[in-house]
Amino acid sequence: MSDPAKFAIPVPSKDPKSKKPDQSDKEEGSSKLEDKKDEEKEGDELSEEDLQLRSELEMLVERLKEPNTELYRPALESLRTLIRTSTSSMTSVPKPLKFLRPHFPDLQALYEGWSASENKSQFADILSVLAMTYSDTQPRGTLKYRLLSASLRPANAPLVDPGTWGHEYVRHLAAELGEEFEYREVQEDGTPPESETPKIELLGTIEDLRSLAKECSTFLLSHNAEPDAVDLLQELEMIEAIVTLVDENTFDRVCQYMTRCVSFLPPPDDITFLQTVHKIYTHFQKFPEAIAIAIRLGDRDMVRDDFNAAGNPVMKRQLAFILARAQIPIEWLQADSADGEEEEEFPSDLSECLSNTRLSSSFREFGKEMGVSEAKSLEDVYKTHLENTRASTSNVDSARGNLAGTFVNAFVNAGFGNDKLMVDVEAGSSWIYKNKEHGMMSAAASLGLSLLWDTDMGLTHIDKYTYSAEEYIKAGCYLAIGISNSSIRTETDAALALLAEHVENKSVPLRTGAIMGLGMAYAGSQREEVMATLLPYIVDEDVSMEICSLAALALGFVFVGSENGEITGTILQVLMEKAERGDKELEGKWARFLALGLALLYLGQQNGSDATLETLKAIEKPISKTAQVIVEACAFAGTTNVLRVQKMLHECDEHIVPPKEEEKKDSDKEKKDVEEKKDGEEKKEESPKQDDTFQTFAVIAVALISMGEEIGSQMSMRQFNHLMHYGEPNIRKAVPLAIGLVNASNPQLPILETLSKYSHDNDLAVALNAIFAMGLVGAGSNNARLAQMLRQLAGYYHKEADCLFMVRIAQGLVHMGKGTIGVNPFFSDRSIMHKPAVAGLLAVLTAFTDAKGFILDKQHWMLYFLVNAMYPRFMITLDEELNNLPVAVRVGQAVDVVGQAGKPRTISGFQTHTTPVRLGTTERAELATEEFIPYAAALEGFVILKKNPGWESEDSRMQL
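Looking up the protein in an unreviewed UniProt entry gives the name 26S proteasome regulatory subunit RPN1, with the organism given as Lentinula boryana. Heading Sequence similarities (unreviewed entry) of the UniProt record for the protein holds this comment: "Belongs to the proteasome subunit S2 family." Within the UniProt record for the protein, the comment given under Function (unreviewed entry) is "Acts as a regulatory subunit of the 26 proteasome which is involved in the ATP-dependent degradation of ubiquitinated proteins."

This is the structure:
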């Protein structure tokens, strides 16, 4: 039999007709004849111009085969000109490449026979272009001949730019460069390549590849293909080289694309990308964008250099507003050396911006502009006349109802300093005493929330309650002092002066109030004085686990994301010592806050937590697993690291059931069963007790890691849905909290409907957390649909005291600051994670992991941890003297335009308003006039404007 591989198998375009068996041999034998007929038919279809081009190309190929070397140069030049000048549609192959494809093997053989010369270099250049049509059978041929062309070129000859062959050639070459680099890396590692790519001979060095990549990137950048240029340099691990390639026209699009890529890169590369973007911004003196990247990196030196690099004093004020919003410690801006004492004092106007002291007055003016400066009563929020409950039940004046009223009043009227329950002296005194003992603490503390950010009037109002005989009222006052000073820095340091002495008090409530007051007043400030005050109470064996854990949490607030070694070492030492002693307190409810305090030190530090995680693994107690989960979650918060999310979901796989006694099956086996049970108990005492708390935190960890990036958030929502269906009770109760964290102050209808379904769950722990999550999702939004849902829940749960209490809290959160304050931890166009805000949200969610043990018990004051995340949702425009400057702005839904061609609109469905304006979480503002130019890159918070020197009013144009 003849070998079937020798015969070509024609594949007709039409269905084959039925044929007799004896005809098959004849048809196979005539296959070549059919091919020729097809070629002739194709030739008949070509136009005269195409036929002329084909014959001209064939003639040039024949010239190259002739022995006369003088004909080579003109023939090569003609080929090059014909290929370059050819035009084709987007979907078809250029005609010269199509006609030369059958000659490619002959040309390759011909090339091998030529001696090294400039002609051969030019020949290789042309073969490199033709190789694009053979990329399926001869991989990386384009790159091979490109490198050969460069190696054969004389030293004095100019390099041929790959861009001269067109955009498609450069893109093809870029793709092959990536493949070749990956192949080289695999060769060096000695591991077999993942893809079955045929091997080709290695040409040139890695430096040759990178040099060629630079040439391609330069072409791509100049032809509006910035993403392709970035991807190519990233594939060849030389992204830093892009700093020298960008110019004034391309740098902004490059930086936007690179910044957006950060969420999808593994840990070493994401930091490299941000550092590269920072270099580009500083090179082009875009200081607001540069300092935003420096804040994301948490780099102290970078922040200081960027701040000092801005020579314009008005630009420095704008940078100061950005730093104040991020609560960056002022010490970061001062020189580390002793001779830098002169730099410690900032000008008064700059110091005011850095200290955030104008926040309170600006917020109240904003409230007047919005028409919400008048205090709201509880009835204005509850609207009980719309609830489907009996009148008798709604009028009951219970301690639990009054406690809920305290929180609702505080959250709704936060920052305005004029509420009717507490700020008014007579009403305040009577309202405090309508609460039970521990309720008085929250009632007194609510005064701090009403006077939020107002450090002058706040202390005056709070001071009169500090002389009360009731220690719970005093404790609430200490907490109120901390709350009112949150995110504000004053020269007097009143909070530290007033609270430090009370930390030593023997009374647990007073000590609690003072410790958490310090933690909230100095959140993110990294003040050494606070560490010196609180650190001894973590180590002190005489204090209870409650005080120890709260001291650790307060230090976690103050030193959030700092990797402070002294605090880390102290907390780990305490955990190990208590574990060695077999201390039962580590199994109690307070231990989770000790772990959280440790984890907050590593917020956003990624691999910086590795050593701490290894140490925690050595502790043989259930708290060890919980601490590992919380620390790892905090370290990768907001990074959308897929591997860490998978790891946390894997933690939820384990099915943990408390050991149960086996039923007695037979009277003969009774004694044996009793003996086995005794042995089992002895072994159980030796081995660590199983605990499922870590799974609760693993669910929250998924939300913490994936938040801040839209796609990651959407993917996490799908996972939460699965966990809710198949998870254990300890996992299910954490799902609503996780949903609330991902969507804080961002009430999307599908989310609200999901939480509304969970709020009717049979498991009350799930229902409670879902109700709170509804408040968290709608915080400060005044969302009418959500308010209606909560009123329906108030009617549904009117006999369930705990759930009704939580519904009231949620109603207060939805109307937070009368719709002017949000708790979303991301700002600057949702690009920077506000670490103290994340710390506050996590602390509240940690309390809700055991709502019965904390919020619904005596620790309801933990709801005030949300203060760390509360910030006005405004945009106020100022002139260069920092006076209010009303300007027309467009406010609409933010649109992602990264990587899109041209200059598309960044907002959709916009409305034009005059500043100050309120911005939602997913909204963006842009100036509606060209009269002013903003100093800031993202228009939110305080924005300083300067007059556009090139702007002319319509009147002046008319005169001209």
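Still more ground to cover, so stick around.
Draft legend 1. Region of the structure containing the overall build of the protein. Along the backbone of the protein there are 47 helices and eleven strands. Across the 960 residues that make up the protein, the buried fraction comes to 54%. In the form shown here, the protein has an accessible surface area of approximately 45,300 Å², with 48% of it arising from carbon and sulfur atoms.

Draft legend 2. Local environment of the packing of aromatic side chains. Scanning the model with the defined rule gives 22 aromatic pairs in all. With centroids separated by 5.9 Å and ring planes inclined at 90°, the aromatic side chains of Trp 861 and Phe 865 adopt a geometry described as edge-to-face. We classify Trp 861 as buried; its relative accessible area is 3%. Aromatic rings pair up to connect Tyr 72, Tyr 111, Trp 114, Phe 123 and Tyr 145 into one cluster. Geometry around Phe 694 places Lys 625 over its ring, the cationic atom sitting 5.5 Å from the centre. Geometry around Tyr 382 places Arg 808 over its ring, the cationic atom sitting 4.1 Å from the centre.

Draft legend 3. Geometry of the sheet that holds strand β6 (residues 888-894). Across the sheet, which stays open at both edges, the three strands sit in the order β7-β6-β9 with antiparallel pairing between neighbours. The outermost strands of the open sheet, each flanked by one partner alone, are β7 (907-914) and β9 (923-927). Neighbour-to-neighbour, the strand axes of this sheet turn through a mean angle of 30°, independent of strand direction. Pairing of β6 with β7 involves six bridges; the strand directions are antiparallel. Note that in β7 the partner of Val 889 across the bridge is His 913.

Draft legend 4. The arrangement of helix α15 (residues 287-297) in detail. Counting buried positions along α15 gives nine out of eleven residues, so the element sits mostly inside the fold. Those residues of α15 that fall on the buried side of the exposure criterion are Phe 287, Pro 288, Glu 289, Ala 290, Ile 291, Ala 292, Ile 293, Ala 294 and Ile 295. Those residues of α15 hidden inside the fold are in contact with α13 (251-261), α14 (267-283), α16 (300-309), α17 (313-325) and β3 (832-833). Where α15 ends, the next residue or the one after it, Gly 298, has phi of about 65°, a positive value.

Draft legend 5. View of the packing of helix α39 (residues 710-726) against helix α41 (residues 735-742). Relative to each other, α39 and α41 sit at 170°, their axes nearing to 10 Å. Between α39 and α41, the angle is such that the two are roughly antiparallel. Between α39, through Ser 713, Ser 716, Met 717, Phe 720, Leu 723 and Met 724, and α41, the contact on the second element is made entirely by Val 735, Ala 738, Ile 739 and Val 742. Counted by class, the contact of α39 with α41 contains eight nonpolar, two polar and no charged residues.

Draft legend 6. Quick look at a negative patch on the surface. Judged by side-chain charge, Glu 179, Glu 182, Glu 185, Asp 231, Glu 235 and Glu 237 come together as a negatively charged surface patch. Put simply, the parts of the chain that give the negative patch at least two residues each are α9 (167-189) and α11 (226-235). No other element matches α9, which puts three residues into the negative patch. Tracing the backbone through its elements, the reader meets Asp 231 in helix α11.

Draft legend 7. Layout of the pattern of salt bridges. Following the criterion strictly, the structure yields 35 salt bridges and no others. Arg 140 is paired through a salt bridge with Glu 180; the nearest N and O atoms lie 2.7 Å apart. Taken together, the residues span a long stretch of sequence, with Arg 140 in the loop between α7 (118-130) and α8 (141-152) and Glu 180 in helix α9 at a distance of 40 residues. Like Arg 140, the residue Glu 180 is buried in the burial classification. Close ionic contact of Arg 364 with Asp 454 constitutes a salt bridge, the shortest N to O distance being 3.1 Å. Of this pair, Arg 364 sits in helix α19 (residues 359-370) while Asp 454 sits in the loop between α24 (437-450) and α25 (455-463); the two residues are 90 residues apart in sequence, bridging distant segments of the chain. Residue Arg 364 is classed as partly exposed on the basis of its relative accessible area of 23%. Because the salt bridges share partners, they merge into one network encompassing Glu 62, Lys 65 and Asp 106.

Draft legend 8. Main features of helix α3 (residues 48-65). With 18 residues, α3 should cover 26 Å at 1.5 Å per step; its first-to-last C-alpha distance of 26 Å lies within 8% of that length. Asp 50, Leu 53, Leu 57, Leu 60, Val 61 and Leu 64 are the residues of α3 that are buried. In an axial view of α3, the angular spread of the buried residues amounts to 100°, which keeps them on one side of the axis. Facing away from the buried side of α3, by more than 90 degrees, are the exposed residues Glu 48 and Gln 52.

Draft legend 9. Quick peek at the pairing of β9. Most of β9 is tucked away: four of the five residues are buried. When β6 meets β9, the two strands line up antiparallel, connected through five bridges. Paired with Gln 893 across the two strands is Glu 923, which belongs to β9.

Draft legend 10. The arrangement of the packing of helix α36 (residues 642-651) against helix α38 (residues 693-706) in detail. Where α36 meets α38, the closest approach of the two axes is 8 Å, and the angle between their N-to-C directions is 160°. The angle between the axes of α36 and α38 places the two elements in the roughly antiparallel class. The element α36 and its partner α38 pack so that their crossing is left-handed. Residues Arg 644, Val 645, Met 648, Leu 649 and Glu 651 of α36 form the contact with α38, whose own contacting residues are Phe 694, Gln 695, Ala 698, Ala 701, Val 702 and Ile 705. The class makeup of the residues in the contact of α36 with α38 is eight nonpolar, one polar and two charged.

Draft legend 11. Region of interest: unusual backbone geometry. For the bond from Thr 915 to Pro 916, the omega torsion is 5°, close enough to zero to count as cis. Non-glycine residue Glu 563 carries a positive phi angle of around 55°. Relative to the elements of secondary structure, Glu 563 occurs in the loop between α31 (545-558) and α32 (565-581). A positive phi angle, close to 60°, is found at Arg 830, a residue other than glycine.

Draft legend 12. Examining the environment of Asp 306 more closely. Inspection of the secondary structure puts Asp 306 in helix α16. Overall, the relative accessible area of 3% leaves Asp 306 in the buried class. Distance from Asp 306 to Ile 291, taken between C-alpha atoms, is 6.0 Å for residues 15 residues apart in sequence. Ignoring sequence-local partners within four residues, the contact set of Asp 306 consists of His 278, Thr 282, Phe 287, Ala 290, Ile 291, Ala 294 and Leu 319. Polar side-chain contacts of Asp 306 include one of 2.6 Å to the side chain of His 278.

Draft legend 13. Here's a closer look at the sheet that holds strand β11 (residues 941-947). The sheet built from four strands is open, its strands ordered β8-β5-β11-β10 with mixed pairing. Whereas interior strands pair on both sides, the edge strands pair on one side only; in this sheet they are β8 (917-918) and β10 (932-934). Here strand β5 (residues 874-878) runs beside β11; their pairing, made up of four bridges, is parallel. Each bridged residue has a counterpart across the sheet, and for Met 875 the counterpart in β11 is Gly 941. Contacting β5 and β11, α17 runs over the sheet at an angle of about 165° to β11. Each of β5, β8 and β11 is contacted by α19, which is oriented at about 105° to β5, the strand it contacts most.

Scoring rules and cut-offs
- Residues numbered from 1 in each chain as written.
- Predicted model: local features only at pLDDT ≥ 70, side-chain atom pairs only at ≥ 80, totals over all residues.
- Heavy atoms only, no water.
- UniProt positions renumbered as here; feature names shortened; annotations may be inferred.
- Helix = DSSP H or I, 4+ residues; strand = E, 2+ residues; numbered from the N terminus.
- Buried < 20%, exposed > 50% of the residue type's maximum accessible area, 1.4 Å probe, protein only.
- Areas by Shrake-Rupley, 256 points an atom, 1.4 Å probe, with all protein chains shown as cover.
- Phe/Tyr/Trp six-rings, centres within 6.5 Å; stacked < 30°, edge-to-face > 60°.
- Lys NZ or Arg CZ within 6 Å of the ring centre and 35° of its normal.
- Pairing = 2+ DSSP bridges.
- Axes fitted to C-alpha atoms, helices over the stretch in contact; angles between N-to-C directions.
- Contact = heavy atoms within 4.5 Å.
- Parallel < 35°, antiparallel > 145°, perpendicular 65-115°, else oblique.
- Nonpolar A, V, L, I, M, F, W, Y, C, P; charged D, E, K, R; others polar.
- Patch = residues over 30% accessible without salt bridge, like charges linked within 9 Å, V, L, I, M, F, W, Y side chains within 5 Å.
- Salt bridge = Lys/Arg side-chain N within 4 Å of Asp/Glu carboxyl O.
- Lys, Arg positive; Asp, Glu negative; His and termini not counted.
- Charge placed at Lys NZ, Arg CZ, Asp CG, Glu CD.
- Expected span 1.5 Å × (residues − 1).
- Arc of directions from axis to C-beta.
- Left-handed = near helix turned anticlockwise from the far one by under 90°.
- Polar contact = N/O pair within 3.5 Å; in protein donor to acceptor, adjacent residues only side chain to side chain.

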